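Here's the letter readout for the chains.
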Amino acid sequence: MSGSPVDMRVPGFGHGLGEALLVEWVIGVGDRVERGDVIAIVETDKASTEIVAEHGGRVTAHTATPGTVLRSGEVLYRLAADPPPHAPRSEDPVT
């Protein structure tokens, strides 16, 4: 992944549940996240669930506000993902 924003989608909730209520954003726009960090809290008919980051990077946008019903597969937030560890960064000199 490059530094350009990537759409991160609402995951499936399992047990035949296709939607959940966005309760809270844990990470704000502009915050950096690492893979596995909690991004948001959602609530299904069955339980409250944490949505975690699939990749590290900087959150560039939220696409929903608390109180919004989210459906699996919808864009939830945008992430300027970190480059892979082996990729040279733009400030690294090329030899």
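Here we look at the overall build of the protein chain
Along the backbone of the protein chain there are zero helices and eight strands. Each helix (α) and strand (β) of the protein chain, taken in turn from the N terminus, gives the series β-β-β-β-β-β-β-β. Considering the protein chain as a whole, with its 95 residues, one finds that 27% of them fall into the buried category. For the protein chain, the share of sequence-separated contacts (at least 6 apart) that also reach a separation of at least 24 residues comes to 58%.

What about the nonpolar core?
Of all hydrophobic cores here, the largest spans 21 residues; its most connected members are Ile39 and Tyr77. Mapped onto this core, the elements with two or more residues apiece are β2 (19-25), β4 (38-43) and β8 (75-81). Apart from the residues within four sequence positions on either side, Ile39 is in contact with Trp25, Val26, Ile27, Val33, Ile51, Val52, Ala53 and Tyr77.

Comments concerning the side chain of Thr44
Tracing the sequence through the fold places Thr44 in the loop between β4 and β5 (48-52). Dropping the residues within four chain positions of it, Thr44 is found in contact with Phe13, Leu17, Glu19 and Ala20.

Topic: the pairing of β2
Inspection of the sheet shows β2 paired to strand β7 (residues 69-71) by three bridges, in the antiparallel sense. Bridging across to β7, Ala20 finds its partner in Leu70. Where β2 meets β4, four bridges bridge the pair, whose relative direction is antiparallel. Along β4, the bridge assignment pairs Leu21 with Glu43.

Notes on the sheet that holds strand β1 (residues 5-9)
Pairing is antiparallel across the open sheet formed by four strands, whose spatial order is β1-β8-β6-β3. Both edges of this open sheet fall to β1 and β3 (32-33), since each of them pairs with a single strand only. Where strand β6 (residues 57-62) lies against β8, five bridges are found, and the strand directions are antiparallel. Looking at the pairing, Gly57 lines up with Ala81 of β8.

Some thoughts on the sheet that holds β7
Spatial ordering of the open sheet is given by β5-β4-β2-β7, a layout of four strands whose pairing is antiparallel. Two strands bound the open sheet, and with one partner strand each, they are β5 and β7. Taking the axes of each pair of neighbouring strands and ignoring which way they run, one obtains an average angle of 45° across the sheet.

A look at the pattern of salt bridges
All told, the structure shown has two salt bridges when counted by the stated rule. For Glu19, the salt bridge is made with Arg71, and the minimal N-O distance between the two is 3.6 Å. Note that Glu19 is positioned in strand β2 and Arg71 in strand β7, a separation of 52 residues in sequence. Overall, the relative accessible area of 40% leaves Glu19 in the partly exposed class.

Definitions and cut-offs
Residues numbered from 1 in each chain as written. Predicted model: local features only at pLDDT ≥ 70, side-chain atom pairs only at ≥ 80, totals over all residues. Heavy atoms only, no water. Helix = DSSP H or I, 4+ residues; strand = E, 2+ residues; numbered from the N terminus. Buried < 20%, exposed > 50% of the residue type's maximum accessible area, 1.4 Å probe, protein only. Contact = heavy atoms within 4.5 Å. Core = buried A, V, L, I, M, F, W, Y, C linked by side-chain atoms within 4.5 Å. Pairing = 2+ DSSP bridges. Axes fitted to C-alpha atoms, helices over the stretch in contact; angles between N-to-C directions. Salt bridge = Lys/Arg side-chain N within 4 Å of Asp/Glu carboxyl O.

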